[in-house]
Amino acid sequence: MTEPGFGRYPADALKADGLRAAGGLAVTLGPLTLVGFDAHPLVAVPLLAGAGLFGWLGLRTLARRGAACRVTEEGLILPSGFFMIMVRWDQITGVKLRYYSTKKDKSGGWMQLTIRAGRGSYSIESQLTGFDAIAARVAERVLERELPVDATTKENFLSLGHYMA
């Protein structure tokens, strides 16, 4: 039986990221295709580096298109690239919740929940629908298992309404 906690990345956010990736690829690869790929290295290397970055953004956006996070009795089903993985509650060794501000007054930004299990580390962002319900369940399990969390993580969970002793 699935507990409350299901999330997908919103279509509008994915569309915006896809447009950014396409625009970035056009701006970086466009000039190279006009002059040919035998351009001077001082021009070609930065443009190819930018193209790589925008290509990575495009691939990440494609991977998120079908990604869905779920909370179950056994653990979390999380996206990992183009695949979904199951992280059992008893495998979790650490949790971090970070806030990244886009403005000086901290009025805009997003949160990123990172879950460590074994050698792996898996992250979801607050733009995910259902993020609060997923974060709430993770907070409950962290408290139940008495996992250590840093002060920043405690403060960020508190801002979501979850007290971490």
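What counts, and where the lines are drawn
- Residues numbered from 1 in each chain as written.
- Predicted model: local features only at pLDDT ≥ 70, side-chain atom pairs only at ≥ 80, totals over all residues.
- Heavy atoms only, no water.
- Helix = DSSP H or I, 4+ residues; strand = E, 2+ residues; numbered from the N terminus.
- Buried < 20%, exposed > 50% of the residue type's maximum accessible area, 1.4 Å probe, protein only.
- Contact = heavy atoms within 4.5 Å.
- Areas by Shrake-Rupley, 256 points an atom, 1.4 Å probe, with all protein chains shown as cover.
- Polar contact = N/O pair within 3.5 Å; in protein donor to acceptor, adjacent residues only side chain to side chain.
- Pairing = 2+ DSSP bridges.
- Axes fitted to C-alpha atoms, helices over the stretch in contact; angles between N-to-C directions.
- Salt bridge = Lys/Arg side-chain N within 4 Å of Asp/Glu carboxyl O.

Asker: Summarise the overall build of the chain; cite the residues concerned and give the values.
Answerer: Along the backbone of the chain there are 4 helices and 7 strands. Each helix and strand of the chain, placed in order from N terminus to C terminus, yields the pattern β-α-α-β-β-β-β-β-β-α-α. C-alpha atoms of the chain, sized along the principal axes, occupy 60 × 40 × 30 Å. Counting only residues that meet the buried cut, the chain has 39% of its 165 residues in that class. The long-range share in the chain, meaning contacts at least 24 apart out of those at least 6 apart in sequence, stands at 50%. Within the structure as shown, the chain displays about 9,800 Å² of accessible surface, and the carbon and sulfur contribution to it stands at 61%.

Asker: Explain the side chain of T61 to me, using residue names and the numbers behind them.
Answerer: Mapped onto the elements, T61 comes out in helix α2 (residues 41–65). Side-chain polar atoms of T61 contact the backbone oxygen of L57, separated by 2.8 Å. Beyond its immediate stretch of four places on either side in the chain, T61 contacts L14, D17 and G18.

Asker: Account for the sheet that holds strand β6 (residues 109–117), with residues named and values stated.
Answerer: Taking strand neighbours across the sheet as the criterion, the 3 strands line up as β5-β6-β7 in an open arrangement whose pairing is antiparallel. With one partner strand each, in any of the chains shown, β5 (92–101) and β7 (120–125) form the two edges of the open sheet. Here the average twist between neighbouring strands, direction ignored, is 20 degrees. Relative to β7, β6 runs antiparallel, the two sharing 6 bridges. Each bridged residue has a counterpart across the sheet, and for A117 the counterpart in β7 is G120.

Asker: Explain the environment of R116 to me, using residue names and the numbers behind them.
Answerer: Inspection of the secondary structure assignment puts R116 in strand β6. Sequence spacing of R116 and V95 is 21 residues, and the spatial spacing of their C-alpha atoms is 6.1 Å. Setting aside residues up to four positions removed in sequence, R116 forms contacts with Q91, I92, T93, G94, V95, K96 and S121.

Asker: If you had to explain the pattern of salt bridges to someone new, which residues and values would you point to?
Answerer: One pass over the structure, following the stated rule, counts 6 salt bridges. Close ionic contact of D17 with R20 constitutes a salt bridge, the shortest N to O distance being 2.7 Å. Here D17 and its partner R20 are both found in helix α1 (residues 11–35), 3 residues apart, which amounts to about one turn of the helix. The exposure class assigned to D17 is buried, which follows from its relative accessible area of 11%. In this structure R20 comes out as partly exposed when scored by relative accessible area, which is 49%.

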